[in-house]
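# Analysis of the macromolecular model
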Amino acid sequence: MMLLSLISGVAAVASGAIVQTDAYVWHGDTISQGAFFATAPSDSSIISNYSAQPGYYMGIDKEWHKKNDISKYPQLSTPNRLHRAIYNMGLDEMVNAVEPDTTLRTGKEWAGVWTRDVSYSILLSMAYMQPEASRISLMKKVDPMGRIIQDTGSGGAWPVSTDREIWAVAAYEVYKVTGDKDWLKYIYPIIKRSLETDAASVYNPESGLVKGETSFIDWREQSHPKWMQCADIYNTETLSTSVVHAQAWQVLGEIAEILGHKEEAKKAFAQAESIRKGINDSLWLDNQGFYAMYLYGRDNLITNPRVDTLGESLAMLWGVASPEQAKKISASNPTTPYGVGTFFPQIPDMPAYHNNSLWPWVGAWWGLANAKAGNEQGVMEAIGSVFRPAALFATNKENFNLDNGDIATELNSSNMLWCLSGNIALTHKILFGIDFQKDGLAFHPFVPKAMAATRSLDNFKYRDAILNITVSGYGDRIREFKVNGKAQAPFIDAKKAKGVMNIEIVMADNEIEPVGMKHSPNVKTPITPITWLEGTTLVWNPIEYINHYIVVRDGKRIANVKTTTFDASKPGEYMVIGVSDNGVESFASEPRSTRPAQLIEMPGETLSIVSAEVAYKPEEAIAGFSGAGFVETDKTTPAISIPVSVDKAGNYAFKLRYANGNGPVNTENRCGIRTIKVDGRELGTVVLPQRGRANWSDWGWTNSVIGELAPGEHLVTIEFLPDNENMNITTNHALIDLLSVTPLK
């Protein structure tokens, strides 16, 4: 009865909408989506009548009532009661997330500390809301070798997944909040060691980009074509992960400066700039107005022209994108009625999780980036995309189906750390404009006209001060900034932050110049073509609703065809892309090479596993290898030497056929890693990811490394070097069957 009485007046107030899309409307103290409503009867409760998709395994909360004492945290006063309640729910769930050991729990369903989850949460708001829990949580993610831990993931974690460097950015944020020099001295060698290891194993010096999975999207098929194996994912060069690495090097440089390591600072800044340049040279799509999600393929990488919201947001916020580029991205990222997708467009034959989804914490980063780009409408819809599900589901859920805004995805959880952190950040960092810097606290509020009001944030702790902050008006410019009644620049020097500081900010009530938005339904691409070779003819399956196909050779688009065959007699690596009537492209098909490869069997006739490093022993006789046997390699075995002869000078691709049954495809941390040398010269790193627990008869190919050879005899060696140490440390083991040597263009 209470709910019915509270929502009975919705129609009457809908005309005063704060945010309205084709899917939902936020009007007054209520958010409505079709027949569903959520409202705040008080600052400490939210009630909803939402009903989840029938048959979905996970129930929903229809009410939130504050259960924790949140009085010691910053208290929000604003005329909108729903805003106050959503903010207070973030604080309440934050208290739930602090474990007895003072670490930050990932979510109601997910115990423990995960590197990327806690790091992004710290950057959004936990660094200043929970500085001690943030510090302790980060310390939990350092291995015995003093390196940042890459959590378990595709193929055995690092270096298939390589976004662990977000730890560095989060750790520096804790310093900016606390000013603790001892903390800087602790994190500096960890960051330096981790970055230097990554530079040796996952950087492409030619493109300037970083290899590995897209940051946080760590379910292999959720963001890649199905043909891509874990070695192929390692070989991708990714926007979001590259942006993270660029910022980590920037952080290392700033820490080095503070600690007096001037030469190290110069090197770090140069590396950061090199990656930023690589991102702009290799991934910027000027005709689209955003960065490509990643480069992918095998010996010849091509562009995946999807937009990756987290990567775009971080590029906008961390200086990879110029101000002009940032405005383009803000206006060009397709926004659905529920908000921006994790990426766009969606993969059609894949369920919702990372694919076809909105994650509120990513929406929060998008809101912060739109504020920096000056996009008022973008900020409003980003806030709405976070507040809508928080209200309707009465908790900070993990992710939502982009088709209908529901929680019916592959996995979900309430009380999600990074989502509640994003909820809090929207208020603190946009509407109050709070910006932690290494030497103080800056303010640059961005208040859309639809949210014009007088708001206060009391009991905000910074260093040795307690700040009571009031912001009145709207706009993106400050007319007046006062501290304890005295006008000054909108900046609090860290050394002068002491006692009670009453901060008054009066906005200029200026009209913010429109940037524009690209509103779009939730688009799905055509399915990925499947190709094969019949002699020198490339053949693929016909796909329904395709306008034409693009044929790619050696990474270049060479033909548009309506048929499902193509003459591939010219040697090369071929791929096919399907294009729909409205111009949306599928993933490219698995590469098919018509170049002749030398396949060289390994020396020796090993037929069984004897290494002490093996994690899961074979359950039956090993099968599927070529020739008389295979070679077993672990951290203690000597380098494998293989003579190779070539007739012509040129570039050659080297890869290994291998088996790794030391873990499943999607988790654990025993990825095999080796360095390939030719005549003593390092060519690069090959990864031998896990292919299934105890599955030693499943053989696949590593990534290729490319080197230039003169005609004649050469010696290829496969070695374990210190930089090849994986996350497991104990097991770095695989079987090797063949060496493939392929001439390139």
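The preceding data block contains the structure.
Notes on the structure in this doc start here. Source: prediction; values computed, not measured. (Residues numbered from 1 in each chain as written. Predicted model: local features only at pLDDT ≥ 70, side-chain atom pairs only at ≥ 80, totals over all residues. Heavy atoms only, no water.)

## So, the packing of aromatic side chains
Throughout the structure, instances matching the rule amount to 29 aromatic pairs. Ring plane angle 50 degrees and centroid distance 4.7 Å describe the contact between Tyr50 and Phe393, whose orientation is recorded as tilted. Here the residue Tyr50 occupies a position in the loop between β5 (45-48) and β6 (63-65), and Phe393 occupies one in the loop between α14 (376-392) and β18 (400-401), the gap between them amounting to 343 residues. In this structure Tyr50 comes out as buried when scored by relative accessible area, which is 3%. The class of Phe393 is buried, set by a relative accessible area of 0%. Considering the side-chain rings of Phe566 and Tyr574, the 6.4 Å spacing of their centres and the 50 degrees angle between planes classify their relative orientation as tilted. For the residue pair Phe566 and Tyr574, the accessibility class agrees, reading buried in each case. An aromatic cluster of at least three residues, connected via ring pairs, comprises Tyr120, Phe216, Trp219, Trp318, Tyr353, Trp359, Trp361, Trp365 and Trp418. In this arrangement the basic side chain of Arg388 is found over the ring face of Phe400, its NZ or CZ atom lying 5.7 Å from the centre. (Phe/Tyr/Trp six-rings, centres within 6.5 Å; stacked < 30°, edge-to-face > 60°. Helix = DSSP H or I, 4+ residues; strand = E, 2+ residues; numbered from the N terminus. Buried < 20%, exposed > 50% of the residue type's maximum accessible area, 1.4 Å probe, protein only. Lys NZ or Arg CZ within 6 Å of the ring centre and 35° of its normal.)

## Thoughts on the pattern of salt bridges
Throughout the structure, instances matching the rule amount to 35 salt bridges. A salt bridge links Asp218 to Arg116, with the nearest nitrogen and oxygen atoms 3.1 Å apart. With Asp218 in the loop between α7 (181-201) and α8 (230-235) and Arg116 in helix α4 (residues 115-129), the pair connects residues that are 102 residues apart, well separated along the chain. Accessibility assignment for this pair places Asp218 and Arg116 in one class, buried. Note that Asp349 and Lys226 form a salt bridge whose closest N and O atoms lie 3.6 Å from each other. Taken together, the residues Asp349 in the loop between β16 (343-344) and β17 (357-358) and Lys226 in the loop between α7 and α8 connect sequence positions 123 residues apart. According to the relative accessible area criterion, Asp349 is partly exposed, its value standing at 38%. For Lys226, a relative accessible area of 46% translates into the label partly exposed. (Salt bridge = Lys/Arg side-chain N within 4 Å of Asp/Glu carboxyl O.)

## Observations concerning the pairing of strand β44 (residues 712-719)
Sheet faces and side chains relate simply in a regular strand, where the side chains alternate between the two faces. Pairing of strand β38 (residues 640-646) with β44, which is carried by 7 bridges, proceeds in the antiparallel orientation. The residue bridging Val644 from the neighbouring strand is His714, located in β44. Across 4 bridges, strand β40 (residues 672-678) lies against β44 in antiparallel orientation. Residue pairing across strands places Thr675 opposite Glu719, the latter belonging to β44. (Pairing = 2+ DSSP bridges.)

## Remarks on the sheet that holds strand β27 (residues 518-519)
If you walk across this open sheet you meet the 3 strands as β15-β14-β27, and the pairing is mixed. Where the open sheet ends on each side, the last strands, each with one partner, are β15 (339-340) and β27. The pairing of strand β14 (residues 334-336) with β27 spans 2 bridges and is parallel. Paired with Thr335 across the two strands is His519, which belongs to β27.

## A closer look at the state of the cysteines
The final tally for this structure, using the stated rule, is 0 disulfides. Left without a disulfide partner, Cys230 is nearest to the cysteine sulfur of Cys671, which lies 8.0 Å away. Judged by its relative accessible area of 6%, Cys230 falls in the buried class. (Disulfide = S-S within 2.5 Å.)

## With respect to the nonpolar core
Residues Tyr291, Trp361, Trp365, Phe443, Leu467 and Ile469 are the most contacted members of the largest nonpolar core, which totals 186 residues. Within the second largest apolar cluster, 24 residues are counted, among which are Ile640, Val646, Ile676 and Val716. (Core = buried A, V, L, I, M, F, W, Y, C linked by side-chain atoms within 4.5 Å.)

## Topic: the pairing of strand β3 (residues 30-33)
Across the two faces of β3 the burial is the same, with Thr30 and Ser32 and Ile31 and Gln33 all buried. One ladder, built from 3 bridges, connects strand β2 (residues 25-27) with β3; its direction is antiparallel. Counterpart to His27 in the pairing with β3 is Thr30. The turn joining β2 and β3, which pair antiparallel and follow one another in sequence, is formed by 2 residues; a positive phi near 60 degrees is taken by Gly28.

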